Protein chains: 2
Amino acid sequence: MKPSVEINGARLLKRLDDFAAIGATPAGGVNRQALGPQDQAARALLADLALARGFRVFQDPLANLFVRRAGKNEHLPPFLIGSHLDSQPTGGRYDGALGTLAAFEVLEALDDAGIETHVPIEVVAWTNEEGSRFAPGAMGSMAFSLGHIPGDWDDIKGTDGVLWRDALAATLVNLPAAETRPLGFPIAGYLELHIEQGPSLEKEDIPIGIVTGVQGTRWFEITISGQAAHAGTTQLSFRRDPMVAANAALHSLYATIMPEDENARFTVGRIAAYPGSVNAIAGSVSLSVDLRHPSSGNLDAIEARIVRAFQASALANGCTVDIRKTFDMSPAQFSEPLINSVEHAARHLGLAAKHMVSGAFHDALYIARIAPATMIFVPCRDGLSHNEAEYVEPEHCIAGAQMLLQSTLEVTGTVVIDR
Amino acid sequence: MKPSVEINGARLLKRLDDFAAIGATPAGGVNRQALGPQDQAARALLADLALARGFRVFQDPLANLFVRRAGKNEHLPPFLIGSHLDSQPTGGRYDGALGTLAAFEVLEALDDAGIETHVPIEVVAWTNEEGSRFAPGAMGSMAFSLGHIPGDWDDIKGTDGVLWRDALAATLVNLPAAETRPLGFPIAGYLELHIEQGPSLEKEDIPIGIVTGVQGTRWFEITISGQAAHAGTTQLSFRRDPMVAANAALHSLYATIMPEDENARFTVGRIAAYPGSVNAIAGSVSLSVDLRHPSSGNLDAIEARIVRAFQASALANGCTVDIRKTFDMSPAQFSEPLINSVEHAARHLGLAAKHMVSGAFHDALYIARIAPATMIFVPCRDGLSHNEAEYVEPEHCIAGAQMLLQSTLEVTGTVVIDR
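Conventions we followed
- Residues numbered from 1 in each chain as written.
- Chains lettered and ligands numbered in written order.
- Predicted model: local features only at pLDDT ≥ 70, side-chain atom pairs only at ≥ 80, totals over all residues.
- Helix = DSSP H or I, 4+ residues; strand = E, 2+ residues; numbered from the N terminus.
- Rg over C-alpha atoms; globule rule 2.2 N^0.38 Å.
- Buried ≥ 20, exposed ≤ 12 C-beta atoms within 10 Å, placed from the backbone.
- Contact = placed C-beta atoms within 7 Å.
- Expected span 1.5 Å × (residues − 1).
- Arc of directions from axis to C-beta.
- Domains from an automatic or database assignment.
- Pairing = 2+ DSSP bridges.
- Least-squares fit on C-alpha atoms with pLDDT ≥ 70 in both.
- Nonpolar A, V, L, I, M, F, W, Y, C, P; charged D, E, K, R; others polar.
- pLDDT = per-residue confidence, 0-100.
- Axes fitted to C-alpha atoms, helices over the stretch in contact; angles between N-to-C directions.
- Parallel < 35°, antiparallel > 145°, perpendicular 65-115°, else oblique.
- Left-handed = near helix turned anticlockwise from the far one by under 90°.

1. Some words on the overall build of chain A
Looking only at helices and strands, chain A features eleven helices and 19 strands. What you see for chain A is a C-alpha radius of gyration of 24 Å, in line with the 22 Å of a compact globule of 419 residues. Judged by the C-alpha coordinates and their principal axes, chain A covers about 90 × 45 × 40 Å. By the burial criterion, 57% of the 419 residues in chain A qualify as buried. The long-range share in chain A, meaning contacts at least 24 apart out of those at least 6 apart in sequence, stands at 79%.

In structure tokens form, the structure reads like this:
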């Protein structure tokens with residue numbers, strides 16, 4: 001089946017190249033950290049392209065950037081498509097940029113085809129999704145969903161020592177052509193195209209992921225304390241070895257959490273023993289746990305299991321354990337009607353697609369709190385992201401953009417040929 | 001039963017106090033690193049005490065210090081008793097000093113009692129047992145056992161940048177009263193009193209350990225390499241997680257090596273995951289293994305088991321493993337006749353004693369290669385050593401010294417009342 005409107009693949013790829021040149025790194029990635037000069041340059045380029053095309057450009061107090069293509073019913077809330085333009089310090093060319101530029105391509109393709117949509121469609125580039133210069137990440141979409149700027153953000157400083165407030169003000173004044181808009185307004189829905197940042201689409205050779213939700217994430221810092229002692233002189237019965245306790249707990253958790261539940265993610269990415277001598281039983285072992293699941297109930301149950309496992313193994317090894325939860329992000333369920341529309345679009349385009357849950361955070365996580373939202377994923381090579389070697393096949397970029405366009409048409413309903 | 005000769009407990013405790021004042025730390029420990037000013041001061045004090053008592057004092061080219069009490073048969077090789085006077089930078093008052101000063105007390109007690117021994121008895125203070133300023137440790141006893149200074153020691157520098165050769169020369173000239181002696185000479189045997197540096201005597205409430213040997217020690221650095229990946233987006237089947245591989249290998253080794261063999265010691269004191277992010281599957285995990293056993297054959301068998309366990313778990317988790325052996329010290333079996341003599345002495349004194357294997361290195365390990373040797377252990381509080389809080393009950397210091405004297409009399413055979 002032919003798409004109703006075709007996006008211009010060559011133009012999209014050219015745009016990806018043009019934006020990748022802003023903050024390009026020698027290794028082929030980009031360094032376009034939030035609210036810095038390169039981020040501002042990328043925003044300015046998008047605004048210039050939009051204004052040249054006759055679209056209106058807005059920014060809100062968070063410097064979220066909007067490009068509006070008018071719809072037939074201008075009084076109705078716009079439908080938002082987009083992503084972000086900032087990057088990790090040694091980031092890739094596609095993370096954020098693909099979703100933003102594909103969204104802009106949707107506007108251009110609609111324009112080229114002379115389509116008038118039922119509601120206005122707006123491209124959005126959310127501010128500071130990455131959170132690498134200023135933490136937390138997803139500041140723009142979070143504040144948009146709240147309708148205000150959290151009070152405790154006032155003193156946020158960047159890794160470079162710059163106050164967030166100052167960088168924000170500099171970014172806002174750098175785009176005088178943009179109209180000003182309040183923070184947060186009614187929207188018809190939000191659709192975000194993004195690279196998967198994981199290997200599953202590539203490994204299964206499926207070009208499109210339809211994202212049903214974002215996993216909830218909980219982080220724990222676990223410290224097991226035992227008794228440092230001589231490795232040679234201390235026999236087994238006198239050992240209170242926190243390495244043994246940590247090993248036993250993790251062994252039982254590795255054997256159960258993920259094998260028993262394909263939606264669970266359980267990762268220990270950091271571990272250290274103190275004092276850390278080859279010839280001394282450690283006095284304590286600290287490790288991090290990253291736990292994710294699409295269901296809050298399952299997160300609660302697995303968290304309880306983790307706590308029990310460490311308490312039991314600490315007790316069995318004469319140790320004590322301290323467990324601190326350092327991060328707790330609730331899962332998001334994306335909109336079922338929107339998901340259905342994306343599914344229709346994939347069928348319409350004849351593109352293989354699978355439902356999946358996002359393991360990474362995205363702006364859509366916050367927007368889903370105030371409006372129907374979902375995401376479209378495309379494969380990235382080796383699942384690699386936050387890495388200068390990040391790569392997406394041109395055909396997948398184009399297929400993703402085509403899906404974004406087709407889904408937008410499905411969602412916004414009636415389309416009108418106006419010339 | 002009464003001992004044949006009694007050591008002077010008050011004098012021994014006084015001596016321990018006097019030597020603990022040399023390099024005393026505010027926290028109650030000592031800092032008397034090898035060949036430094038405090039070590040030299042301790043040597044000088046011992047030499048002064050010896051000369052005042054009419055004993056001859058010698059030092060060899062390694063600055064091993066000998067105090068000789070003549071025997072009836074001066075042409076026979078001397079029987080050596082002693083330990084070392086150097087300490088860790090934040091060391092305790094007893095590690096080394098107890099064995100050296102108790103040995104000197106043996107000479108004084110024999111003198112006080114007017115006993116002439118069959119063979120000459122010499123107190124020895126070996127140079128640089130600790131190895132904390134200059135590595136390796138046990139330089140003095142090692143070179144004595146070899147009869148020469150290893151060629152690759154020439155360039156050894158201290159943690160303070162001082163050349164070992166220079167510190168040695170300064171130490172030798174600092175003791176002009178000592179006669180010079182060649183490195184290595186025939187000895188009748190060697191007996192060393194030392195604190196256990198482990199908890200077992202204290203926990204079992206046994207005052208005397210009779211040391212049947214020193215465990216062999218092997219160190220390994222093991223690195224498991226997998227694939228760093230996103231903790232949220234990477235499902236189980238796509239994970240190549242080196243933490244999981246390390247966990248599985250260690251779990252099987254913890255469950256078998258020590259539980260199945262009470263003489264084995266298996267310790268992982270250091271572990272780290274790279275890059276070490278809470279939200280990333282590690283790309284690699286490095287850990288240290290300290291393996292000890294009194295038998296070389298068992299060490300070989302356990303080493304093979306360790307290698308197999310890591311290879312299998314790496315393979316099962318899509319990882320690779322690199323295992324490097326960074327240290328390999330053969331076990332030492334102490335002399336059975338000497339052990340029997342020590343056992344007789346304990347029975348004679350009515351002191352509870354148990355056979356044990358030393359998990360720590362000692363000078364006796366090297367001397368055992370050239371002459372009958374063994375050690376006597378006394379309990380230390382909480383098994384603590386290499387620590388300023390190191391503590392030995394006065395009664396255990398005295399019992400240890402009495403054991404050293406009685407064992408020496410047992411070993412050197414016939415004693416002669418000469419006045």
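Moving on, there is more to tell.
2. Digging into helix α9 (residues 336-349) of chain A
Residue and element names in this part refer to chain A. The end-to-end C-alpha distance of α9, which contains 14 residues, comes to 20 Å, matching closely the 20 Å that a straight helix rising 1.5 Å per residue would cover. Among the residues of α9, those classed as buried are Leu338, Ile339, Ser341, Val342, Ala345, Ala346 and Leu349. Projected onto a plane normal to the axis of α9, the buried residues spread over an arc of 160° and lie on a single side. When the buried face of α9 is taken as reference, the exposed residues oriented beyond 90 degrees from it are Glu336, Pro337 and Arg347. Where α9 is buried, its residues meet β7 (189-195), β8 (208-214), β17 (353-358), β18 (373-378) and α11 (394-412).

3. Topic: the domain arrangement of chain A
Interface size, as often reported, equals the accessible area lost upon joining of the parts. Taken domain by domain, chain A holds domain 1 (9-214 + 332-417) and domain 2 (216-329). Placing a centre on the C-alpha atoms of domain 1 of chain A and another on those of domain 2 of chain A gives a separation of 38 Å.

4. So, the pairing of strand β5 (residues 121-126) of chain B
Residues and elements named next belong to chain B. Of all six residues in β5, six are buried; the element is thus mostly enclosed. By the alternation rule, side chains of β5 split into Ile121, Val123 and Ala125 and Glu122, Val124 and Trp126, which are all buried. Relative to β5, strand β2 (residues 65-69) runs antiparallel, the two being bridged by five bridges. Its bridge partner lying in β5, leucine 65 is registered against alanine 125. Pairing analysis gives six bridges linking strand β3 (residues 79-84) to β5, with the strands arranged parallel. Bridge pairing in β5 links leucine 80 to glutamate 122.

5. Digging into the relation of the copies chain B and chain A
One copy of the chain maps onto the other through a rotation about an axis plus a displacement along that axis. Of the transformation superimposing chain B on chain A, the axial component is 0.1 Å and the angular component is 180°, with the fit at an RMSD of 0.1 Å. What the superposition gives is, in effect, a two-fold axis relating one chain to the other. Among all residues of chain B, the one whose C-alpha sits closest to the rotation axis is B:Ala272, at a distance of 2.6 Å.

6. Some remarks on the interface of chain B and chain A
At the interface, 49 residues of chain B touch 49 residues of chain A. Elements that contribute at least two residues to the side of chain B that touches chain A include exactly α6 (200-204), β9 (216-225), β10 (229-230), α7 (242-260), β11 (265-267), β12 (271-274), β13 (280-281) and β14 (284-293) of chain B. Of the residues assigned to the side of chain B that touches chain A, the class counts are 21 nonpolar, 21 polar and seven charged.

7. Notes on the environment of A:Phe327
All names here are of chain A. Among the structural elements, phenylalanine 327 can be located in strand β15 (residues 320-329). For the pair phenylalanine 327 and aspartate 241, spaced 86 residues apart in the sequence, the C-alpha separation amounts to 28 Å. Those residues in contact with phenylalanine 327 that lie beyond four places of it in its chain are Thr217, Arg218 and Trp219.

8. Looking at the confidence of the model for chain A
Model confidence for chain A is summarised by a mean pLDDT of 94, while 98% of its residues fall at 70 or above. If you check the scores for this complex, the pTM reads 0.78 and the ipTM reads 0.79.

9. Regarding the environment of B:Thr90
Residues and elements named next belong to chain B. Relative to the helices and strands, threonine 90 is located in the loop between β3 and α3 (97-113). Judged by the 16 C-beta atoms lying within 10 Å of it, threonine 90 is partly exposed. Spatially, the C-alpha atom of threonine 90 lies 9.4 Å from that of glutamine 33, the residues being 57 residues apart in sequence. Ignoring any residue separated from it by four or fewer positions in sequence, one finds threonine 90 in contact with Thr25, Gly29, Asn31 and Glu388.

10. Details of unusual backbone geometry
Residue and element names in this part refer to chain B. Note that the residue after alanine 135, namely proline 136, is joined by a cis bond; omega there is 5°. Note that proline 136 resides in the loop between β5 and α4 (139-146). The peptide bond linking tyrosine 274 to proline 275 adopts the cis configuration, its omega dihedral lying at 5°. A positive phi angle, near 55°, is found at histidine 386, a position not held by glycine. Take histidine 386: it is sitting in the loop between β18 (373-378) and α11 (394-412). Taking the number of C-beta atoms within 10 Å as the measure of exposure, histidine 386 has 19 and is therefore partly exposed.

11. Quick word on the packing of α7(B) against helix α8 (residues 296-316) of chain B
Residues and elements named next belong to chain B. For the pair α7 and α8, the least separation of the axes is 8 Å and the interaxial angle reads 150°. In terms of orientation, α7 and α8 fall into the roughly antiparallel class. When you trace α7 past α8, the crossing you get is right-handed. Note on element contacts: α8 touches α7 through Ile302, Ile306, Ala309, Phe310, Ser313 and Ala314, opposite Ala245, Ala248, Ala249, Ser252, Leu253 and Ile257.

12. What to know about helix α3 (residues 97-113) of chain A
In a regular helix each residue adds 1.5 Å, so 17 residues correspond to 24 Å; α3(A) covers 24 Å between its end C-alpha atoms and thus fits that length. With 14 of 17 residues buried, α3(A) is to be regarded as a mostly interior element.

13. Brief notes about the packing of helix α9 (residues 336-349) of chain B against α11(B)
Residues and elements named next belong to chain B. In contact at an axis separation of 8 Å, α9 and α11 are set at 125° when each is read in the N-to-C sense. Accordingly, the angle class assigned to the pair α9 and α11 is oblique. In the crossing of α9 with α11, the sense of the turn from one axis to the other is right-handed. Between α9, through Leu338, Ser341, Val342, His344, Ala345, Ala346, His348 and Leu349, and α11, the contact on the second element is made entirely by Gln402, Met403, Gln406, Ser407, Glu410 and Val411. A breakdown of the residues in the contact of α9 with α11 according to their chemical character gives seven nonpolar, six polar and one charged.

14. Concerning the environment of A:Asp86
Residues and elements named next belong to chain A. By secondary structure assignment, the location of aspartate 86 is in the loop between β3 (79-84) and α3. Between the C-alpha atoms of aspartate 86 and leucine 287, which are 201 residues apart in sequence, the distance is 31 Å. With residues near it in sequence (within four places) discarded, aspartate 86 still touches Arg32, Gln33, Ala34, Asp39, Gly96, Asn128, Glu129 and Glu130.

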